[in-house]
Amino acid sequence: MSSPSLPPAHAEWLESAHAKWIRKVAQEQSRSKEEFVKHFTRKYGGPLPVWVVTEILDFGGLSRLYEGLQQKDRDDIASGFGLTDNSGAGHGAALVSWMKNLNYIRNTCAHHSRLWNRNIDVQLSYRHLLVVPELHHAASPTVTKRVYASLAVLAYLLERISPGSTWAANIIRHIRTGLAKMNRSEAEIGCPSGWTTEALWVQQTDP
């Protein structure tokens, strides 16, 4: 006897991004060796609450969680990072784009793949870079196809997440010394002319 078919709406949902994310979370919970996950499962059973889920998700899972939020919630979070539209409202779509790009960069690094002269497959959108004045200089095809634009976004975000971080100064030094050793130019990673004089970098490297 064949099993009854699912209602069309249910079958469609099972193939949705939300359903796939839920299944991914369930897999992460079932294989997690974290004590807090074991404790919750023993005491309460069932799926983990979201404030626990975020402890076991990888960056891709967090990116998809953010993308799946209601627009108002995405916009509120984006506003906290200074990403706003012309009306002053949060620009959640820009942060979704940024997170997808940074997840691609993270995965490239995690797999020890070549990055410095790589053509970026998941590129940042020009219009989403124009949301922030400090990133206007990176909003061009020759920049976004290389890693520099992603580094600029990271510098912007880190200044808001961890003010006083030395990351920006370290990355400038790494770019200059690393490329010099390989006898390569900064343009090969997408650095625009005079990039170190941009406010994005100057304000983070001044003593």
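Everything discussed here concerns the structure shown above.
On a predicted model such as this, the values are computed, not experimentally measured, just so you know.

(A) Region of interest: the nonpolar core. Of all hydrophobic cores here, the largest spans 40 residues; its most connected members are Leu 83, Trp 98, Leu 135, Tyr 148, Val 153 and Trp 201. Those elements giving two or more residues to this core turn out to be helix H7 (92-110), helix H10 (148-161), helix H11 (167-181) and helix H12 (199-205). Setting aside anything within four residues of it in sequence, one finds Val 153 in contact with Trp 98, Leu 102, Leu 124, Leu 129 and Leu 135. Formed by 10 residues, the second largest nonpolar core is a distinct cluster that contains Val 37, Phe 40, Ile 56 and Leu 57.

(B) Local environment of unusual backbone geometry. Even without glycine at this site, His 112 takes up a positive phi of about 55 degrees. Position of His 112 among the secondary structure elements: in the loop between H7 and helix H8 (126-129). The phi dihedral of Asn 183 falls on the positive side, at around 60 degrees, and the residue is not glycine. Mapping Asn 183 onto the fold places it in the loop between H11 and H12.

(C) Focus on the environment of Thr 197. Inspection of the secondary structure puts Thr 197 in the loop between H11 and H12. Put simply, Thr 197 and Thr 144 are 53 residues apart on the chain and 19 Å apart in space, counted from C-alpha to C-alpha. One polar contact links the side chain of Thr 197 to the main-chain carbonyl oxygen of Gly 194, over a distance of 2.6 Å.

What counts, and where the lines are drawn
- Residues numbered from 1 in each chain as written.
- Predicted model: local features only at pLDDT ≥ 70, side-chain atom pairs only at ≥ 80, totals over all residues.
- Heavy atoms only, no water.
- Core = buried A, V, L, I, M, F, W, Y, C linked by side-chain atoms within 4.5 Å.
- Buried < 20%, exposed > 50% of the residue type's maximum accessible area, 1.4 Å probe, protein only.
- Helix = DSSP H or I, 4+ residues; strand = E, 2+ residues; numbered from the N terminus.
- Contact = heavy atoms within 4.5 Å.
- Polar contact = N/O pair within 3.5 Å; in protein donor to acceptor, adjacent residues only side chain to side chain.

Keep in mind these numbers describe shape, not what the thing actually does.
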